[in-house]
Amino acid sequence: MKGIANVSAWKGLEPTLGWMIRKGTEKQPDAEALVVDGKKYTYAQLTDRLNRLSNALTEFGVHKGDKVGLLLYNGNEFIEGVFGITKLGAVCVPLNYRLKQIELEYIINHSDIVVLIYDTEFDPLISALKMKLPRVKQYIAVGKESANGQHYEEMLTASHPGEPEAEVLETDLACLIYTAGTTGLPKGVMLSHRNHLWSCINSMLREGDYMPEKNVVIPIPLFHVAGFQRFLITLFLGGKIVLTRSFDAARFLGLVQQEKTMATLMVPTQITMLTRAPNLDQYDRSSLTAFSFGAAPSGLKLLQEIHSVFPNADATHCYGITETSATASYLPASEFRKKMGSVGKKGHGYINIELRVLNHELKDVKPLEVGEIIIRGPNVMMGYYKDPDATAAAFYEGGWYKTGDIGMIDEDGYLFIVDRKKDMIISGGENIYCPEVEGVLNSYEKIAEASVIGVPDDLWGEVVRAIVVSKPGEELTEQEVIDYCKAQLSGYKCPQSIVFVKTLPVSGAGKVLKTVLREQYGKP
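Counting starts from 1 at the beginning of each chain's written sequence and moves along it residue by residue. The predicted origin of the model limits local features to residues at a pLDDT of at least 70 and limits the giving and counting of side-chain atom pairs to 80 or more, whereas totals for whole chains, interfaces and linings rest on all residues. Computation of side-chain values: all heavy atoms of the structure, hydrogens and water removed.

### Regarding unusual backbone geometry
Okay, step 1: One non-glycine residue, Lys-260, adopts positive backbone phi at about 50 degrees.
Okay, step 2: Checked against the element boundaries, Lys-260 lands in the loop between helix H9 (249–259) and strand S12 (263–266). Strands are runs of DSSP state E lasting at least two residues, helices are runs of H or I lasting at least four, and both sets are numbered from the N terminus onward.

Set out below in structure tokens:
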């Protein structure tokens, strides 16, 4: 048939991240897309800048499939980076700036990053790392001029704003987001354009009321999948994003008042910080009507804190992980009080995500029985980068992803998270895996063996406590052990307290009994 034989004519309509921002700009070029640090960008201005970045990367020799890293605080450059990179068919690798040098070195090398865009506040880190990153061919510095890399703004000025010429498919890899594995080594979660867009669609259609989602303040880091997906959802809806470079309670409240933001996504630690903010009542918070949170259990205390800060806000408890593009299940605000602690009703969540809970016989659990949560849907990852064995082990037949989270479904069909990935601690919204911390502790010459658990904390939700057995004849102090950990681990991963014991409780198989440790030492 005449006019439809040329299939390549459809390539511009392929639903990708680049398609998403391009359609938003065509529809409302003069609408505000982003507010950050007092600067405002319309959709047209944002597109001009990210296209310039995309074309500059092309000049640097970046091709489809190449990896480009973002070591950036929240800001327009991060969002420009995501779209500028993926419009080329290249792969965006957001990096957690809270990690130690050795951790970042591993991720940058493992992910095969060829261009690294970084905030100049990390200049000392870049100087220390450059000789250890053989694959990185180009460094681009955001902020002040840097001897380590080309200046970002000068590079954009010299580039051109035309749409980049690249054929990108929805099934192509869009992002590599690293998440700590239970072995301690981070895994690169491969998320396609399709994964991200279906996560947007699911979130958009979950309740049918889109308006609160169109003026959103995001105080959590964009390198986390929750923050990453939150800004994608907002732009997918043609909304406005308000960013804080890093979280500060007073600055955040000022932005809510100034921009009259209608929605936010936070971790409970941030809410607690807001309740302690001086002069809280001087800020107008009445505009904010939608509040989403995750990364910690919910309860009456948290609900009271939310309403004390945002009296007009309805609270939604979300459950999702990096491997599911941040979306898996949610408890709508209308059911929050009735089913406090739940993350939603099985079969009544996102439109195309299937969720089951299996017992040890791999059969669906009965009401009140616990089992492993498994998830299937177009939002589920492509796999783990350069790790086919881990990818194969992560799935059951039929595309069911094994979350490793333990859940229970009550008599009414509501899902409750009973435990998280084995032995994981969540502190201030950050995942901490015990084997990594234990590996550092057990490497200390004065320690015979050590184990760690999470203990409740009013501010952080949980903090790390180490239970330590000293080697015979060695004298150890609490501060000595903490200082040793601080030299090798990110701050939030370090034990906040140490308990010295003669022996650790073990099972017949020689495994440390964490349940006994929690019973004996798990109180604040």
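### What to know about the pattern of salt bridges
Okay, step 1: Salt bridges are defined as contacts in which a side-chain nitrogen from Lys or Arg sits within 4 Å of a carboxyl oxygen from Asp or Glu. Taken as a whole and assessed by the stated rule, the structure comprises 24 salt bridges.
Okay, step 2: The residue Asp-412 makes a salt bridge to Lys-339 at a minimum N-O spacing of 2.8 Å. In this pair, Asp-412 is assigned in the loop between strand S21 (400–409) and strand S22 (414–419) and Lys-339 in the loop between strand S15 (329–331) and strand S16 (342–345), connecting sequence segments 73 residues apart.
Okay, step 3: Here Lys-339 falls in the buried class, since its relative accessible area comes to 13%.
Okay, step 4: A salt bridge links Asp-364 to Arg-356; the shortest N-O distance between them is 3.0 Å. Type-normalised accessible area, obtained with a 1.4 Å probe on protein chains alone, sets the label of each residue: buried when under 20%, exposed when over 50%, and partly exposed for intermediate values.

### Some words on the side chain of Ser-329
Okay, step 1: Relative to the helices and strands, Ser-329 resides in strand S15.
Okay, step 2: Polar contact is the term for a pair of N or O atoms within 3.5 Å; when the atoms are in protein, one must be able to donate a hydrogen and the other to accept it, and sequence-neighboring residues count only if both atoms are side-chain atoms. In this structure the side chain of Ser-329 is engaged in a polar contact, spanning 2.7 Å, whose partner is the backbone oxygen of Val-343.
Okay, step 3: Any two residues whose heavy atoms approach within 4.5 Å are treated as being in contact. In this structure, Ser-329 is in contact with His-317, Cys-318, Tyr-319, Val-343, Gly-344, Tyr-350 and Leu-355, ignoring residues within four places of it in sequence.

### Quick look at the packing of aromatic side chains
Okay, step 1: Side-chain rings of Phe, Tyr and Trp, where Trp is taken by its six-membered ring, are said to pair if the distance between their centres is within 6.5 Å; with planes under 30 degrees apart they count as stacked, over 60 as edge-to-face, and otherwise as tilted. Going through the model one piece at a time under the given rule, you end up with 16 aromatic pairs.
Okay, step 2: When the ring of Tyr-73 is compared with that of Phe-122, the centres are 5.1 Å apart and the planes differ by 25 degrees; the resulting orientation is stacked. With Tyr-73 in the loop between strand S3 (67–71) and helix H3 (76–86) and Phe-122 in the loop between strand S5 (113–119) and helix H5 (123–129), this residue pair connects regions lying 49 residues apart in the sequence. Taken as a pair, Tyr-73 and Phe-122 share a single burial class, namely buried.
Okay, step 3: A ring pair is formed by Phe-78 and Phe-228, whose centres lie 6.3 Å apart and whose planes are at 80 degrees; its orientation type is edge-to-face. With a gap of 150 residues between them, Phe-78 in helix H3 and Phe-228 in helix H8 (residues 225–236) connect regions that are remote in the sequence. Residue Phe-78 shares its accessibility class with Phe-228, and that shared class is buried.
Okay, step 4: In this structure an aromatic cluster arises from ring pairing among Phe-247, Phe-252, Phe-291, Phe-293, Phe-310 and Phe-336.
Okay, step 5: Whether a charge sits over a ring depends on NZ of Lys or CZ of Arg being within 6 Å of the ring centre and within 35 degrees of the ring normal. Lying across the ring of Tyr-396, Lys-402 places its NZ or CZ 4.3 Å from the centre.

### What about the sheet that holds strand S25 (residues 447–457)?
Okay, step 1: Strand order in the open sheet formed by three strands is S25-S26-S27, and the pairing between neighbours is mixed. The open sheet terminates on both sides in strands that have one partner only, identified here as S25 and strand S27 (497–500). Strand-to-strand twist in this sheet, taken as the mean axis angle between neighbours without regard to direction, amounts to 25 degrees.
Okay, step 2: Strands are labelled as partners when DSSP assigns at least two bridges between them. Pairing geometry for strand S26 (residues 461–470) and S27, over four bridges, is parallel. The partner of Ala-466 across the bridge, within S27, is Ile-498.
Okay, step 3: On top of the sheet, helix H13 (residues 434–442) reaches S25 and S26; it is set at about 140 degrees to S25, its chief contact. Only C-alpha atoms enter the line fits that serve as axes; for helices the fit covers just the stretch in contact. Angles between N-to-C directions range over 0 to 180 degrees.

### Things to note about the nonpolar core
Okay, step 1: Core analysis: the largest hydrophobic core is formed by 126 residues, its most contacted members being Leu-71, Ile-79, Phe-83, Phe-231 and Leu-235.
Okay, step 2: When sequence neighbours within four positions are dropped, the list of residues in contact with Leu-235 reads Met-20, Ile-21, Ala-33, Tyr-43, Ile-79, Phe-83 and Ile-241.
Okay, step 3: Among the nonpolar cores identified, the runner-up in size contains 28 residues, and Phe-252, Phe-291, Phe-310 and Leu-331 belong to it. We define a nonpolar core as any set of buried Ala, Val, Leu, Ile, Met, Phe, Trp, Tyr and Cys residues linked to one another through side-chain atoms lying within 4.5 Å.

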